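# What the coordinates show
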Amino acid sequence: MKRVKFYVCPDCGNILTATGGGELHCCGRKLEPLEARPADEDHAMTVQEIEEDWYITFPHPMRKEHFIRFAAYAATDRVLLVRLYPEQGSELRIPQLRGGGKLYLCCSRDGLFEIKL
Ligand SMILES: [Zn+2]
Ligand SMILES: [Zn+2]
């Protein structure tokens with residue numbers, strides 16, 4: 001699979017993903033893909049295997065002004081995206097897919113972070 005790209009519309013908060021080229025638009029503007037950086041200390045994740053799932057926890061705040069907007073899991077042929085909201089717990093479960101892959105956390109303030117599984 002080509003590298004997945006994530007887009008967040010600054011107007012409506014819509015989250016989009018794409019693996020090909022081409023342009024994405026939302027609310028009448030062209031969206032720029034988010035640059036993923038290796039997870040830093042504030043955006044680290046702890047990943048555990050529970051049954052058939054990845055159980056992911058992160059120490060990041062979930063306040064309205066600074067929260068994790070979404071978490072995503074990109075495996076060989078699929079991307080699973082879980083949208084998160086302020087005041088929600090800082091944990092989630094994602095079903096494991098074949099072929100390892102990457103986990104992403106998107107911070108509402110600091111951008112996109114990735115770790116390899
Ligand atoms: Zn929009
Ligand atoms: Zn942050």
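Residues numbered from 1 in each chain as written. Chains lettered and ligands numbered in written order. Predicted model: local features only at pLDDT ≥ 70, side-chain atom pairs only at ≥ 80, totals over all residues. Heavy atoms only, no water.

Once that is clear, we can look at the pattern of salt bridges. Scanning the model with the defined rule gives 8 salt bridges in all. Two residues, Glu 114 and Arg 3, come together in a salt bridge whose shortest N-O distance is 3.4 Å. Taken together, the residues Glu 114 in strand β12 (residues 111–116) and Arg 3 in the segment before β1 (5–8) connect sequence positions 111 residues apart. What makes Glu 114 buried here is its relative accessible area of 16%. With a closest N to O distance of 3.5 Å, Glu 32 and Lys 30 form a salt bridge. Of the residues examined, Glu 32 reaches a relative accessible area of 53% and is grouped as exposed. Judged by its relative accessible area of 41%, Lys 30 falls in the partly exposed class. Shared partners join several salt bridges into a network, and the residues in it are Arg 3, Lys 102 and Glu 114. (Salt bridge = Lys/Arg side-chain N within 4 Å of Asp/Glu carboxyl O. Helix = DSSP H or I, 4+ residues; strand = E, 2+ residues; numbered from the N terminus. Buried < 20%, exposed > 50% of the residue type's maximum accessible area, 1.4 Å probe, protein only.)

Taken by themselves, the reported measurements are silent on function.
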